[in-house]
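One letter stands for each residue in the lines below.
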Amino acid sequence: MTTDERIAKQLTKTLENGKVGFEQAAERLGDERPDVAARFLQFSQERATMSNELAQIAAAYGDDVDQRSTVPGALHRGWMAVKDALTSSDAQAVINAAESGEDHAVEEYRDALNEADISAEFRAIVARQATSVQAAHDYVSSLSS
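Presented here is a report on the structure given in the accompanying data block.

How each quantity is defined
- Residues numbered from 1 in each chain as written.
- Predicted model: local features only at pLDDT ≥ 70, side-chain atom pairs only at ≥ 80, totals over all residues.
- Heavy atoms only, no water.
- Helix = DSSP H or I, 4+ residues; strand = E, 2+ residues; numbered from the N terminus.
- Contact = heavy atoms within 4.5 Å.
- Core = buried A, V, L, I, M, F, W, Y, C linked by side-chain atoms within 4.5 Å.
- Buried < 20%, exposed > 50% of the residue type's maximum accessible area, 1.4 Å probe, protein only.
- Salt bridge = Lys/Arg side-chain N within 4 Å of Asp/Glu carboxyl O.

For Ser44, the position within the fold is in helix 2 (residues 34-60). Those residues within four positions of Ser44 in sequence are excluded, and the remaining contacts are Lys19, Phe22 and Glu23.

Now the structure itself:
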């Protein structure tokens, strides 16, 4: 497995977890914070689009990337707090959990871009996606202040 393939698989999981996490958080925030819920649904859709892009790249390598989220079972690292927050009545707890998930996503993209042997073509895609992930992180982070 090439570095590009390994990173594509890893980032796909991160994106799928974020997609489901944002979707679930939006459902929870819908009544109390409809503006935030709408934005979270937008982020969920962006994550789906980015995940599909990475799956297509992996397919070009002849690899099949599993695009199922690990959120419904055992939440993956950064989005772990979402499960508890979604059962809470506190909208801020949901937002704080989303921020934790976004911290993880930013870290995953940063790590991917620090890989020395990632191809130039793939690096450009990861860098573009990292910009989108950072923007979502910054928005969510601004809600926690």
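Judged by nonpolar contacts, the single largest core of 17 residues is most densely connected at Ile7, Leu11, Leu54, Tyr109, Phe122, Val126 and Val133. For this core, the elements supplying multiple residues, two or more each, are helix 1 (3-29), helix 2, helix 4 (91-113) and helix 5 (120-144). No other element matches the 5 residues that helix 5 contributes to this core. Phe22, Ala26, Ala37 and Val140 belong to the second-largest nonpolar core, a separate cluster that totals 16 residues.

Turning our attention to the pattern of salt bridges. Pairing between side chains becomes possible if they bear opposite charge and their charged atoms approach one another. This model, assessed by the stated rule, comprises 5 salt bridges. In this structure, the salt-bridge partner of Glu16 is Lys19, at a minimum N-O distance of 3.0 Å. In this pair, Glu16 and Lys19 both sit in helix 1, 3 residues apart, roughly one turn of the helix. With relative accessibility at 3%, the residue Glu16 sits in the buried group. By relative accessible area, which is 23% here, Lys19 ends up partly exposed.

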